[in-house]
Amino acid sequence: MTVYLVRRLIQALFVVLAMSIIVFVGIYGIGDPVEILISPDADQIERERAVAALGLDLPLWEQYLVFLGNALQGDLGRSFVFNEPALKLILQRMPATMELAFGAMFLSIIIGLPLGLYAGLRPDSPVSKGIMAGSILGFSLPTFWVGLMLIMVFAVQLGWLPSTGRGETCSIGGFVGLTSCSDGLQWSFLTIDGLRHMAMPALNLALFKISLVIRLTRAGVRETMLMDYVKFARAKGLSPARVTFVHVFKNILIPVVTVVGLELGSTIAFSVVTESIFAWPGMGKLIIDSINVLDRPVIVAYLMIIVLLFITINLIVDLTYSMLDPRVRLETKGT
């Protein structure tokens, strides 16, 4: 296990280094933020002063080395627009995006797994066919259109749920009564009003994942039900519930965990559309605003954090394999 972890960490360092080069060159090699940030009436001297102040007068390779040196000390640059550390701006908005992403993944698991299990155990029933037809809709409907329809129905027509913002928030310490609610990281899921604000964006973000989990679970159940050990368990007279939850369910979890883990990274990275529709103050909205004004440090810092998230999630997924299936040996060469 130790050798495996060391090898994965070395691989991760090379991946982060390669991605930092690609991201930095891709962002800093295009456009001119000075044209957007300063007044159109500025003269040449003011323009050159602004370029020097932002460090853009250096060659690209030298800008990268400065960025790399600062990044090793935890500094991913300073926002051109807000004049604050880019990492600080992103970390301020990260809790909103993380709770939205985890809420969406939670919905996809508690809805997708039971429906996929039922569809796999009773594939010919009308309910199962309805579930599979619904999963196709989940894949097909555009996220932005579903978001707008949710707002039209539940916010405008019925008035049940608010359409924008995070609502009332509270810290974990405040929730358990140790501190004030306003102290520490703020979370919407700890208050009723926050949960009401979170319901529609989380469901909108989860729709594609629910369909994915349904189809993956159904396929796994159909394949596992034909295995000899399942037939043997039935022949021993075990109850259907024991056969399903002990011999079938556990063996379909590996592909489900893989997909859910990888989808968590993509859910965080691509929550931009949902956050824009519901005005959810997370990282996605920040990156859209930063792209509009070519705030390069914030864009680069965001992308590097997403890279680190993907690497961490992949490592956790690989480690989870060994807990779910002892046949997966992390020490084996090539794993």
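Keep in mind that this is a model prediction, so the values were computed, not measured.

What follows concerns the overall build of the protein chain. Helix and strand counts for the protein chain come out as 15 helices and 0 strands. Along the three orthogonal principal directions, the C-alpha set of the protein chain runs to about 85 × 60 × 45 Å. Buried positions account for 41% of the 335 residues belonging to the protein chain. Within the protein chain, the 24 negative side-chain charges are centred at a point lying 19 Å from the centre of the 25 positive side-chain charges.

With numbering aligned to this structure, UniProt lists the feature "domain: ABC transmembrane type-1" (unreviewed entry) at residues 94-317. Spanning residues 94-317, this segment combines 75% helix with 0% strand, and its end C-alpha atoms are found 22 Å apart.

In terms of nonpolar packing, the biggest core is built from 42 residues, with Phe67, Ile90, Ile268, Val300 and Tyr302 touching the most fellow members. For this core, the secondary structure elements donating two or more residues are helix H1 (2-28), helix H4 (60-71), helix H5 (86-121), helix H12 (253-269), helix H14 (283-292) and helix H15 (296-324). By residue number, the principal contributor to this core is H15, which donates 11 residues. Once residues lying within four places of it in the same chain are set aside, the contact partners of Phe67 are Phe24, Asp75, Leu76, Val300 and Met304. Counting residues in hydrophobic clusters, the runner-up holds 14 residues, among them Leu100, Met198, Ala202 and Ala206.

With that settled, the discussion passes to unusual backbone geometry. Phi is positive for Ala279, which is not a glycine, with a value near 50°. Relative to the assigned elements, Ala279 resides in the loop between helix H13 (272-277) and H14.

A cluster of nonpolar side chains, Leu137, Leu141, Phe144, Trp145, Leu148, Met149, Met152, Val153, Val156, Leu158, Trp160 and Val273, forms an exposed patch at the surface whose accessible area comes to about 1,100 Å². Broken down by element, the nonpolar patch gets its largest block of residues, 7 residues, from helix H7 (residues 143-157). Along the chain, Val273 turns up in helix H13. Assessed through its relative accessible area of 39%, Val273 is described here as partly exposed.

As for its placement among the helices and strands, Ser271 is situated in the loop between H12 and H13. With sequence-adjacent residues up to four places away left out, Ser271 is seen in contact with Thr97 and Leu205.

For the structure on display, the rule yields 8 aromatic pairs. An angle of 80° between the planes, with centres 5.0 Å apart, marks the rings of Phe139 and Phe208 as edge-to-face. Here Phe139 is found in helix H6 (residues 126-140), whereas its partner Phe208 is found in helix H9 (residues 192-224), with 69 residues between them in sequence. Phe208 gets classed as partly exposed once you look at its relative accessible area, which sits at 35%. Plain terms: the ring middles of Phe154 and Trp160 are 6.1 Å apart, the flat faces sit at 45° to each other, and that makes the pair tilted.

What counts and how
- Residues numbered from 1 in each chain as written.
- Predicted model: local features only at pLDDT ≥ 70, side-chain atom pairs only at ≥ 80, totals over all residues.
- Heavy atoms only, no water.
- Helix = DSSP H or I, 4+ residues; strand = E, 2+ residues; numbered from the N terminus.
- Buried < 20%, exposed > 50% of the residue type's maximum accessible area, 1.4 Å probe, protein only.
- Lys, Arg positive; Asp, Glu negative; His and termini not counted.
- Charge placed at Lys NZ, Arg CZ, Asp CG, Glu CD.
- UniProt positions renumbered as here; feature names shortened; annotations may be inferred.
- Core = buried A, V, L, I, M, F, W, Y, C linked by side-chain atoms within 4.5 Å.
- Contact = heavy atoms within 4.5 Å.
- Patch = residues over 30% accessible without salt bridge, like charges linked within 9 Å, V, L, I, M, F, W, Y side chains within 5 Å.
- Areas by Shrake-Rupley, 256 points an atom, 1.4 Å probe, with all protein chains shown as cover.
- Salt bridge = Lys/Arg side-chain N within 4 Å of Asp/Glu carboxyl O.
- Phe/Tyr/Trp six-rings, centres within 6.5 Å; stacked < 30°, edge-to-face > 60°.

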